[in-house]
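Architecture and fold: a report
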Amino acid sequence: MSSPTPFRWLRRPGPHTPPGEPGAYTPSGLSYGADYNPDQWPREVWDEDVRLMREAGVTVVSLAIFSWARIQPTEDTWDFAWLDDAMDLLHAHGITVDLATATASPPPWLTTKHPEVLPQTRTGETLWPGARQQWRPTSPVFREHALRLVERMAERYGDHPALVAWHVSNELGCHNVYDFSDDAAAAFRAWLRDRYTTLDALNAAWGTAFWSQRYSAWEQVLPPRLAASHPNPTQQLDFKRFSSDALRQYLRAEAEILRRVTPDVPVTTNFMVMGETKGMDYAAWADELDFVSNDHYVLPGPQALDELSFSANLTGGIARHRPWFLMEHSTSAVNWQPVNVAKKPGELARDSLTHVAHGADAVCYFQWRQSAAGAEKYHSGMVPHAGERSRLFRDVVALGATLRDLAPVAGSTQKPARAAIVFDWDSWWTSELDSHPTDRLRYRQEALDWYSAFLALGVRADVVPSATDLATYDVVVAPVLHVVPAGLRDRLTAFVEAGGHLVTTYFSGVVDQDDHAWLGGYPGALRDLLGIRVEEFAPLLDGESATVELAGEQLEGTVWTEPVDVVDPDVEVLGWYKTGEQAGRAAVTRRTVRTGDGAGSREGSAAYVSTRFGRQGLVPVLARLLDDAGVRSELPAAVRGDVELAVRTDGTDDFWFLVNRTARPVEVPDVAGDVLAGRRLTASGTRAVTTDGTAEGTAEGTAGGALLLEPRGVAVVRRPAEPTPPR
Ligand code: GAL
């Protein structure tokens, strides 16, 4: 057993501050830990907890997340003694604390006295106490009580030596993002007044000339509660924007108190960049925090690992490629899926290290000790019901050792890829509204399918919010970029005119920021850039498909087709419809865009994919587009698809993370560098000369040669940094 490195990297402004500036992020290693709920256990268990934490190499825990009812048992009584004890005990064992403000779930006395804090659904039903997060984001009564608690927590623990960060609430919006109560209605109106100033402007933006919806007083405006038919789409979109902003404003209210009372302690909250959790526009929230944190749980299915990588990658994009904090994931099964699958050997470490590969400087789980009671008693923890004599705890200890070996990675950032996928919350929210050409379209799934195609080809792609500066990328894929205001259209046009290669798809460019159709033909705002015109959409029924021939392959398009007219002479048709109503017409196009003369000339392109090919069908499509753009895999051909490559850099060194996506051993030929984790084979590929973390291994591993990736294994190799070539 070696003692954990005290977790001391987070002093405001945290990892988002450029190195060298006051308060900059100076990590001493990767952090390791979990949510810790000692209030669920007798005091004697805590002593065993800290012993096992040290054995596992735990350096940080998130404490008191759901402890409001324990800290404040009645409105006028406070009980901090147990928390003082826990903080002191952790500190005495070298374990630092990311302390929750404890406001995540209000105690029964509060909701009994003030039932008006309880959220209401769109059908007017109340969400009663008995689970958690039963509060309205806009409730003034809830806010008053919660902020009082925040102030008490900050005053009491601001100087505690174990404290390294504040953890605002927990997963804001997990269960309460959409509240349709009267509090929400009042706050929605205030938000709308701020956005539109006049009712005339709101009427224009919402298109209320339609169906006699014109408002003549602000009091008439409501959240989109259960209505007789399709609610106004712009009202729905604005309510989504408002609901995300309301939680963000609540986050800011807590953060303001924390920063006033404890200006040196960084503030974070745990995002949920995963799956179909779409209510919170985290790209807009990131600036509220000193460092970004994320929770991620594996979603079983054929794209489980792709989705994990996609989410981690997008979290890095939200964090502007600076290190972030994996605040929660699971050691094994969760409790909230229909069937909760245990992790297979190797998956615990591989899943965690895939997050590290995309910029996480901390690996934390929900939770430290698996609960004996309550709704999460079948959710795995670092210490399972079986106790320390278990494969799971041995895996936890082994990962702690690996993370110590990876200390040099801490503080490094995601190394920019040459390609990016653009992710846009407005397009996610709007493209999936009701009363559309099809309700089968899934925004995030389309983006994930493109990402899967990148993984299959072994080509790195960043996943970035749409506000990101795209200038450094050669190829930008913007799937279903449905909402394109004039400003975004101009940015994409400038990207292409500067020599960038843009790829977009069906149902892109169709509406502006108010969800009003751009007129004159689709794809609306992007029509000129793409050099095509579509008069009418032609979505497909379930079971229908259209064959497309592209690069000698026959591909199946589903969900959507379009009669694409090629308008611009510089458009090349890459794929043709062969069957169905569109047979003989263009399915995939690319317009070449040349600007400038002589030495300053540039050649970019704008490509359009008019149907849904899915994750496998997109592979040849993307291969062709990348080939034309000159973007190639950095991996040996033999392992592409089986191995994911993600790269971090600190400017001096690059850190190559090679993730074995298969359940069999994979040999990666010719990888030069210093092996920090994983195993090197000799040039002959037979004799293992290093093992994880041994001094011998690190020294011998400096040479080139083949790397052996264990089934589901991860290797990390340090190499001299290669400059990222400017475009
Ligand atoms: C998260 C939550 C944790 C725990 C976990 C279970 O949503 O923040 O408290 O419930 O899920 O997977």
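Our subject is the structure that appears above.
Residues numbered from 1 in each chain as written. Predicted model: local features only at pLDDT ≥ 70, side-chain atom pairs only at ≥ 80, totals over all residues. Heavy atoms only, no water.

Side note on the packing of aromatic side chains
According to the stated counting rule, one finds 34 aromatic pairs in the structure shown. Pairing F142 with Y250 gives two aromatic rings, centres 6.0 Å apart and planes at 45°, and the pair type is tilted. Taken together, the positions of F142 in helix α5 (residues 140-157) and Y250 in helix α8 (residues 233-261) put the pair 108 residues apart, joining distant regions of the chain. The class of F142 is buried, set by a relative accessible area of 1%. Since its relative accessible area comes to 0%, Y250 is described here as buried. Positioned above the aromatic ring of W78 is the side chain of R152, whose terminal nitrogen or guanidinium carbon lies 4.3 Å from the ring centre. Positioned above the aromatic ring of W41 is the side chain of R369, whose terminal nitrogen or guanidinium carbon lies 5.5 Å from the ring centre. (Phe/Tyr/Trp six-rings, centres within 6.5 Å; stacked < 30°, edge-to-face > 60°. Helix = DSSP H or I, 4+ residues; strand = E, 2+ residues; numbered from the N terminus. Buried < 20%, exposed > 50% of the residue type's maximum accessible area, 1.4 Å probe, protein only. Lys NZ or Arg CZ within 6 Å of the ring centre and 35° of its normal.)

Regarding the site of the ligand
The environment of the ligand is formed by F66, R132, N170, E171, D295, Y297, E328, W336, F366, E376 and H379. E171 has a polar side-chain atom sitting 2.3 Å from an oxygen atom of the ligand. Here E376 contributes a side-chain N or O atom positioned 2.3 Å from an oxygen atom of the ligand. Class assignment of the residues belonging to the shell around the ligand gives a composition of 4 nonpolar, 2 polar and 5 charged. (Near = heavy atom within 4 Å. Polar contact = N/O pair within 3.5 Å; in protein donor to acceptor, adjacent residues only side chain to side chain. Nonpolar A, V, L, I, M, F, W, Y, C, P; charged D, E, K, R; others polar.)

What about helix α1 (residues 43-56)?
An ideal rise of 1.5 Å per residue puts 20 Å on 14 residues; α1 measures up with 20 Å between its terminal C-alpha atoms. Contacts made by the buried residues of α1 are with β1 (31-36), β2 (60-63), α3 (81-92) and α12 (391-405). Directly beyond the C-terminal end of α1, a positive phi value near 85° is found at G57. (Expected span 1.5 Å × (residues − 1). Contact = heavy atoms within 4.5 Å.)

Worth remembering: the numbers are spatial, not functional.
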